[in-house]
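Structural overview for review
Take a look at the letters that make up each chain.
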Amino acid sequence: MRRTSFARWPCSIARTMDLLGDQWTLLVLREAFNGVRRFDRFQAELGIARNTLTERLDRLTGAGLLDRVRYQDRPARYEYPLTEMGQDFFPVLATIIRWGDNWLADPPGPPTLLRHHDCDTTTTATVSCAECGGPMSAEKVTMEPGPGLVT
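The following paragraphs examine the structure supplied in this document.

About the cut-offs
Residues numbered from 1 in each chain as written. Predicted model: local features only at pLDDT ≥ 70, side-chain atom pairs only at ≥ 80, totals over all residues. Heavy atoms only, no water. Helix = DSSP H or I, 4+ residues; strand = E, 2+ residues; numbered from the N terminus. Contact = heavy atoms within 4.5 Å. Lys, Arg positive; Asp, Glu negative; His and termini not counted. Charge placed at Lys NZ, Arg CZ, Asp CG, Glu CD. Salt bridge = Lys/Arg side-chain N within 4 Å of Asp/Glu carboxyl O. Buried < 20%, exposed > 50% of the residue type's maximum accessible area, 1.4 Å probe, protein only. Axes fitted to C-alpha atoms, helices over the stretch in contact; angles between N-to-C directions. Parallel < 35°, antiparallel > 145°, perpendicular 65-115°, else oblique. Nonpolar A, V, L, I, M, F, W, Y, C, P; charged D, E, K, R; others polar. Expected span 1.5 Å × (residues − 1). Arc of directions from axis to C-beta. 1 Å grid on protein atoms, 1.4 Å probe; cavity = no way out; pocket = protein on both sides within 12 Å on 5 of 7 lines; lining within 4 Å. Points joined across faces, edges and corners; volume = space filled by probe spheres on them. Patch = residues over 30% accessible without salt bridge, like charges linked within 9 Å, V, L, I, M, F, W, Y side chains within 5 Å. Areas by Shrake-Rupley, 256 points an atom, 1.4 Å probe, with all protein chains shown as cover.

A count of helical and extended segments in the chain gives six helices and four strands. Listed N to C, the secondary structure of the chain is α-α-α-α-β-β-α-α-β-β in terms of helices and strands. By its C-alpha atoms, the chain is 55 × 45 × 30 Å across when sized along the principal axes. At a minimum sequence separation of 6, the contacts of the chain that also span at least 24 residues come to 38%. In the chain, the 18 positive side-chain charges and the 19 negative ones have mean positions that sit 8 Å from each other.

What follows is about the pattern of salt bridges. Summed over all chains, the structure comprises nine salt bridges. For Glu-31, the salt bridge is made with Arg-30, and the minimal N-O distance between the two is 2.7 Å. The class for Arg-30 is partly exposed, based on a relative accessible area of 34%. Among the ionic pairs, Arg-38 bridges to Glu-79, the shortest N-O distance being 2.9 Å. With a gap of 41 residues between them, Arg-38 in the loop between α2 (23–33) and α3 (39–46) and Glu-79 in strand β2 (residues 77–79) connect regions that are remote in the sequence. Taking relative accessible area as the criterion, Arg-38 reaches 34% and is therefore assigned partly exposed. Glu-79 sits in the partly exposed class, given a relative accessible area of 23%.

Here the focus is the packing of α2 against helix α4 (residues 50–63). Taken N-terminus to C-terminus, the directions of α2 and α4 make an angle of 75°; their axes are 10 Å apart at the nearest point. Taken together, the axes of α2 and α4 are roughly perpendicular relative to one another. The segment α2 lies against α4, with Trp-24, Thr-25, Val-28 and Leu-29 engaging Thr-52, Leu-53, Arg-56, Leu-57, Arg-59 and Leu-60. Classifying every residue of the contact of α2 with α4 gives six nonpolar, two polar and two charged.

Across its 15 residues, helix α6 (residues 90–104) extends 20 Å between first and last C-alpha, which sits within 8% of the 21 Å expected from 1.5 Å per residue. Every buried residue of α6 is listed here: Leu-93, Ala-94 and Gly-100. Here the buried residues of α6 occupy an arc of 125° about the axis, which is enough to place them on one side. In this structure, α6 carries Asn-102 and Trp-103 as exposed residues pointing more than 90 degrees from its buried face. Where α6 is buried, its residues contact α2 and β3 (114–116).

Considered as a void within the structure, the largest pocket measures approximately 570 Å³ in volume. Surrounding the largest pocket, 18 residues form its lining, Leu-27, Arg-30, Ile-96, Ile-97 and Thr-112 being those nearest its centre. Within the residue set of the lining of the largest pocket, elements represented by two or more residues are α2 and α6. The element that contributes the greatest number of residues to the lining of the largest pocket is α6, accounting for eight residues. Residues of the lining of the largest pocket, tallied by class, amount to twelve nonpolar, four polar and two charged. In this structure, the second largest pocket occupies an estimated 410 Å³ of space. As for the second largest pocket, its lining consists of 16 residues, and the residues nearest its centre are Ser-12, Ile-13, Val-127, Met-136 and Met-143.

With that out of the way, let us pick up a nonpolar patch on the surface. Side chains of Ile-13, Met-17 and Met-143 sit close together on the surface and give an oily, nonpolar patch of about 380 Å² of accessible area. Examined against the element boundaries, Ile-13 turns out to sit in helix α1 (residues 12–20).

As structure tokens, this is what we get:
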């Protein structure tokens, strides 16, 4: 059964979910942010089937979140470092971590902490307005049609 593609929908959420909307893709990105670059390490850390990992790495490199860099010729082997576009995904991942820690963590607490290097403290992600710096929440934000909405 083929899944419905949202790649051409005039909605940033739909397009993002079309690219990243399965559990393995986000976990591959998590490992990339943890410094994993090589196929065998991704597979070992995630316990993911080779064909599934190959598909996710192809999707992420094709979309521009990961790069594919040869590090060995015989046999050909590649590393998959994050690109600038991939690095820009970190705040999204940090926000998912915060939400999961708030609502889904086991009683002992979160499984992973984020340490901010500038102040050397553990912290969580927040979403704030790029203009005034105020917190963004469903009560304080309204979604309006933008210039890319095709009617």
